[in-house]
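So the chains spell out like this:
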Amino acid sequence: MRRQRNVKIVATLGPASDSYEMIRNLFVAGADVFRLNMSHGTHDDIAKRHQMIRKVEAELGRPIGILADLQGPKLRCGTFANGPYTLTEGQSFRFDLDPAEGDGTRVCLPHPEIFQALQVGSMLLVNDGKIRVRVTERSPQHAVTEVMVGGEISNRKGVNVPDVVLPLAALSEKDRKDLEFACTMGVDWLALSFVQRASDVFEARELADGRAAILSKIEKPAAVNAFQEILDASDGIMVARGDLGVELPVHKVPPIQKRLTRACRAVGKPVIVATQMLESMISSPVPTRAEVSDVATAIYEGADAVMLSAESAAGDYPIEAVTTMNNVAESVEGDATFRPVIEAQRTAARSGVSDAITVAAREVAETTKVKAICCFSHSGTTALLTARERPRVPIIALTPLIGTARRLALSWGLHCAVVPEVDRFKLAVVNAARIAREHGFAQEDDRIVVTAGIPFGVAGSTNILRVATANERAIYEGGGED
């Protein structure tokens with residue numbers, strides 16, 4: 001099953017997509033990776049969805065990536081005796097550690113870490129930013145605030161602290177249990193919430209112990225400020241625009257999205273643009289024009305993947321949402337302006353041999369009649385470097401490891417295929433020719449580019465490039481290669 005686009009689609013599973021038939025239909029419609037939201041459902045529920053995905057994968061013969069999204073610490077206020085209450089602009093309101101039920105003047109905020117970090121002048125955002133208060137007085141046990149933007153406050157509303165780095169780990173006790181469960185189950189990616197600094201990523205990586213790749217969600221201003229260090233520590237990035245739009249002025253989110261996307265592409269690490277991409281399709285079979293433009297913008301920026309959340313997890317039209325996203329992607333990538341925009345964003349290659357080989361593969365493919373670039377890789381590094389180049393011809397990622405194929409399913413343009421282990425480059429070329437023909441990329445008289453690292457199995461050792469025919473017999477007979 002060959003996609004007619006390069007950008008990937010991540011679809012979240014939930015009550016609306018909780019059957020084998022629906023998951024299969026979502027994959028056929030265009031979903032490349034499925035997201036399991038660890039904030040919702042029991043471990044048994046999530047395990048059943050995981051099993052159904054793997055059943056679809058086995059039936060259709062295509063590697064499917066699975067992303068487990070960890071909840072992260074949730075900061076919420078306490079309860080109210082006779083709430084809800086309406087806070088008005090200019091009034092004083094107190095947050096404290098007193099567990100007694102709140103009223104119109106105070107409420108418990110059972111997070112001493114917040115009070116330790118707050119300063120006079122710090123902002124607190126309540127109920128997704130609908131209420132905004134500024135700290136006028138603080139101690140390790142309380143904070144007195146002035147209401148800047150009023151609104152209704154009620155039981156256990158979320159609290160955001162945008163302008164301080166909180167002394168909280170990105171992994172709660174629940175997250176640690178969920179992480180171990182997800183890794184034992186066999187997911188390919190772990191999405192880490194509430195990331196504020198690179199050390200949060202290091203902690204998750206140590207716990208995962210190589211069993212899953214780490215994708216950091218950028219949803220806090222602190223993460224934006226420390227982005228380069230976080231990117232260096234991560235295997236991939238998710239631009240979580242929903243929370244960013246709460247903690248930052250909304251007009252700042254689009255340039256941040258663009259800047260983060262380009263930074264990820266420059267180092268060859270996948271980036272997902274997420275949150276509210278086709279939000280209206282939760283209850284409507286068609287999106288708004290603004291939503292379509294939003295998806296298109298992420299694709300023009302060169303994002304590796306775009307993501308559906310509630311649209312596919314809890315909406316009335318999950319298949320239509322995936323189909324719409326697929327159609328938008330095909331339309332954008334088929335537009336005459338797409339290639340000039342993508343190529344204008346291309347960064348200069350670094351000085352390593354692997355970089356030089358992948359740049360050469362792209363240039364050969366674009367200046368000769370070559371049907372595909374075939375990357376033979378154990379770790380996936382060769383394929384990721386090739387995807388970074390955003391070539392005009394398809395990329396086939398060949399690997400003997402199903403885990404590598406599943407993980408690469410998230411990356412731009414990679415058509416992943418599992419092939420037998422080889423110990424000679426000629427056999428890698430033979431496998432590339434066979435897959436290119438069997439999967440509809442080339443005919444026998446067409447040519448392909450093959451890249452690999454010799455010796456095999458050494459990550460980051462891409463050091464050989466060959467232009468070959470897609471005719472296996474000619475390769476075996478010692479010809480068919482340039």
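Provided above is the structure to which this section pertains.
Computed from a predicted model, the values in this text were never measured in an experiment. (Residues numbered from 1 in each chain as written. Predicted model: local features only at pLDDT ≥ 70, side-chain atom pairs only at ≥ 80, totals over all residues. Heavy atoms only, no water.)

Draft legend 1. Here's a closer look at the overall build of the chain. A tally of helices and strands in the chain yields 18 helices and 21 strands. Since a compact globule built from 482 residues should have a radius of gyration of about 23 Å, the 24 Å found for the chain is in line with a globular shape. Each of the three principal axes of the chain carries a C-alpha extent, and together these read 85 × 45 × 45 Å. Long-range contacts, defined as pairs at least 24 residues apart, comprise 67% of the intrachain contacts of the chain with a sequence gap of at least 6. The averaged location of the 60 negative side-chain charges in the chain is 3 Å from the averaged location of its 55 positive side-chain charges. (Helix = DSSP H or I, 4+ residues; strand = E, 2+ residues; numbered from the N terminus. Rg over C-alpha atoms; globule rule 2.2 N^0.38 Å. Contact = heavy atoms within 4.5 Å. Lys, Arg positive; Asp, Glu negative; His and termini not counted. Charge placed at Lys NZ, Arg CZ, Asp CG, Glu CD.)

Draft legend 2. Representation of the environment of Asn471. Tracing the backbone through its elements, the reader meets Asn471 in the loop between β21 (462–469) and α18 (472–476). Sequence-distant contacts of Asn471, that is, excluding residues within four places in its chain, are made with Ala433 and Glu444. At 3.0 Å, the side chain of Asn471 and the backbone nitrogen of Arg473 are in polar contact. (Polar contact = N/O pair within 3.5 Å; in protein donor to acceptor, adjacent residues only side chain to side chain.)

Draft legend 3. Representation of the sheet that holds strand β19 (residues 414–418). Strand order across the open sheet formed by five strands is β19-β18-β17-β20-β21, with mixed pairing between neighbours. Of all strands in the sheet, those bounded by a partner on one side alone are β19 and β21. Adjacent strand axes in the sheet meet at a mean angle of 25°, parallel and antiparallel pairs treated alike. Here four bridges tie strand β17 (residues 370–376) to strand β20 (residues 447–453), and the two strands are oriented parallel to one another. (Pairing = 2+ DSSP bridges. Axes fitted to C-alpha atoms, helices over the stretch in contact; angles between N-to-C directions.)

Draft legend 4. Broad picture of unusual backbone geometry. A cis amide bond links Ile454 to the next residue, Pro455, at an omega of 5°. You can see Pro455 is positioned in the loop between β20 and β21. A positive phi is found at Thr275, a non-glycine position, where the angle reads about 90°. Look at Thr275 and you get partly exposed, because its relative accessible area is 22%. (Buried < 20%, exposed > 50% of the residue type's maximum accessible area, 1.4 Å probe, protein only.)

Draft legend 5. Expanded view of the packing of aromatic side chains. For the structure shown, the criterion picks out three aromatic pairs. Taken together, a centroid distance of 5.8 Å and an interplanar angle of 50° make the contact between Phe80 and Tyr85 tilted. Ring centres 5.2 Å apart and planes at 75° place the aromatic pair Phe93 and Phe95 in the edge-to-face group. Classification of Phe93 by relative accessible area gives buried; the value is 0%. (Phe/Tyr/Trp six-rings, centres within 6.5 Å; stacked < 30°, edge-to-face > 60°.)

Draft legend 6. Summary view of the sheet that holds strand β8 (residues 131–139). Ordered by their spatial adjacency, six strands build an open sheet running β6-β5-β9-β8-β7-β11, and the pairing between neighbours is mixed. Either end of the sheet is taken by a strand with one partner, and the two such strands are β6 (106–108) and β11 (159–160). In this sheet, β8 lies alongside strand β7 (residues 123–126) in antiparallel orientation, the contact comprising four bridges. Each residue of the ladder has a partner; that of Val126, found in β8, is Ile131.

Draft legend 7. Geometry of the pattern of salt bridges. Scanning the entire structure with this criterion turns up 29 salt bridges. The salt bridge involving Lys217 is made with Asp69; its shortest N-O contact spans 2.9 Å. You can see Lys217 sitting in strand β13 (residues 213–218) and its partner Asp69 sitting in strand β3 (residues 65–69), a full 148 residues away along the chain. Of the two residues, Lys217 and Asp69, neither departs from the other in class, the shared state being buried. A salt bridge links Arg362 to Glu389; the shortest N-O distance between them is 2.8 Å. Taken together, the residues Arg362 in helix α14 (residues 353–367) and Glu389 in the loop between α15 (381–388) and β18 (395–399) connect sequence positions 27 residues apart. As far as the burial class goes, Arg362 and Glu389 line up, both buried. (Salt bridge = Lys/Arg side-chain N within 4 Å of Asp/Glu carboxyl O.)

Draft legend 8. Representation of the environment of Gly65. As for its position among the elements, Gly65 is in strand β3. In this structure Gly65 touches Asp32, Val33, Phe34, Asp188, Arg406 and Ala409, once residues within four positions along its chain are discounted.

Draft legend 9. Inspection of α15 at higher detail. Burial of α15 is extensive: seven of the eight residues sit out of reach of the surface. Turning to α15, its buried residues are Thr382, Ala383, Leu384, Leu385, Thr386, Ala387 and Arg388. Of the residues trailing α15, Arg390 is marked for its positive phi of about 50°.

Draft legend 10. Spatial organisation of the side chain of Arg362. Exposure remark for Arg362: the relative accessible area of 10% places this residue in the buried category. Sequence-distant contacts of Arg362, defined by excluding residues within four places in its chain, comprise Arg346, Ile373, Glu389 and Pro391.

Draft legend 11. Fine view of the side chain of Gln257. Note that Gln257 resides in helix α9 (residues 253–267). Owing to a relative accessible area of 4%, Gln257 belongs among the buried residues under this scheme. Dropping the residues within four chain positions of it, Gln257 is found in contact with Val239, Arg241, Val273, Ala298 and Glu301.

Draft legend 12. Summary view of the pairing of β17. In terms of burial, β17 is a largely internal element, six of the seven residues being buried. Where β17 meets β18, four bridges bridge the pair, whose relative direction is parallel. Bridge pairing links Cys375 to Ala397 in β18.

Draft legend 13. Seen up close, the environment of Ala240. Structurally, Ala240 can be placed in strand β14 (residues 236–240). Residues Ala240 and Val253, spaced 13 residues apart in sequence, show a C-alpha to C-alpha distance of 9.9 Å. With near-sequence residues (within four places) excluded, Ala240 lies in contact with Ile218, Glu219, Ala274 and Thr275.

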